[in-house]
Amino acid sequence: MTNKVVNLPDTCTVRMDGALCESDDFVAILSKKDGDTSIFYNTDALTLGMAFKLVAKEFVKCVEQCSPSEQQEIEAILGNANILERLREADE
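Residues numbered from 1 in each chain as written. Predicted model: local features only at pLDDT ≥ 70, side-chain atom pairs only at ≥ 80, totals over all residues. Heavy atoms only, no water.

With that settled, consider the overall build of the chain. Along its length, the chain carries 3 helices and 5 strands. When its helices and strands are written in sequence order, the chain yields β-β-β-β-β-α-α-α. Expressed as a percentage of its 92 residues, the buried residues of the chain come to 17%. Within the chain, residue pairs in contact and separated by at least 24 positions form 37% of the contacts whose partners lie at least 6 positions apart. Only carbon and sulfur atoms are counted for the fraction: they give 55% of the accessible area of the chain, which is about 7,400 Å². (Helix = DSSP H or I, 4+ residues; strand = E, 2+ residues; numbered from the N terminus. Buried < 20%, exposed > 50% of the residue type's maximum accessible area, 1.4 Å probe, protein only. Contact = heavy atoms within 4.5 Å. Areas by Shrake-Rupley, 256 points an atom, 1.4 Å probe, with all protein chains shown as cover.)

Attention now moves to the environment of isoleucine 39. Along the chain, the position of isoleucine 39 falls in strand S5 (residues 37–42). For isoleucine 39, a relative accessible area of 23% translates into the label partly exposed. For isoleucine 39 and valine 5, which are 34 residues apart along the polypeptide, the C-alpha to C-alpha distance reads 5.3 Å.

A word on the nonpolar core. One broad rule of soluble globular proteins: the nonpolar side chains tend to lie buried together. Judged by nonpolar contacts, Ala56, Val60, Val63, Ile74, Leu84 and Leu87 together constitute the single largest core of 6 residues. Elements with a contribution of two residues or more to this core: helix H1 (45–64) and helix H3 (83–91). Counting residues per element, this core draws most heavily on H1, which supplies 3 residues. Setting aside its immediate chain neighbours within four residues, valine 63 contacts Gln71, Ile74, Leu84 and Arg88. (Core = buried A, V, L, I, M, F, W, Y, C linked by side-chain atoms within 4.5 Å.)

Moving on, we come to the pairing of strand S2 (residues 12–16). Bridge analysis of S2 against strand S3 (residues 19–23) gives 5 bridges, and the strand direction is antiparallel. Looking at the pairing, cysteine 12 lines up with serine 23 of S3. Joining the antiparallel neighbours S2 and S3 is a turn of 2 residues, in which aspartate 17 adopts a positive phi near 55°. (Pairing = 2+ DSSP bridges.)

Our next topic: the pattern of salt bridges. The final tally for this structure, using the stated rule, is 1 salt bridge. One salt bridge connects lysine 61 with glutamate 58, and the closest N-O pair in it is separated by 3.3 Å. Of the two residues, lysine 61 and glutamate 58 are both situated in helix H1; the distance of 3 residues between them amounts to about one turn of the helix. Look at lysine 61 and you get partly exposed, because its relative accessible area is 39%. Look at glutamate 58 and you get partly exposed, because its relative accessible area is 41%. (Salt bridge = Lys/Arg side-chain N within 4 Å of Asp/Glu carboxyl O.)

If you want it as structure tokens, here you go:
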């Protein structure tokens, strides 16, 4: 499993609500079935920060729907930084 950050001056095209949307100001996280994950972006720090906050909020929601064993596995991956707890507190 590899994780990498790629910053390319490009455009991103996605299908949303049945329509193709294209932008040259974007943040995209792509995950493959083998576990490889990449983030592609072409934007400023403000938009990247807003994307981080949106992803963090959705991450907390998803984790809360996981079984206790899955939650323990996720917390083990995150390490002792208490990231999940800090994200929960930030959302309040």
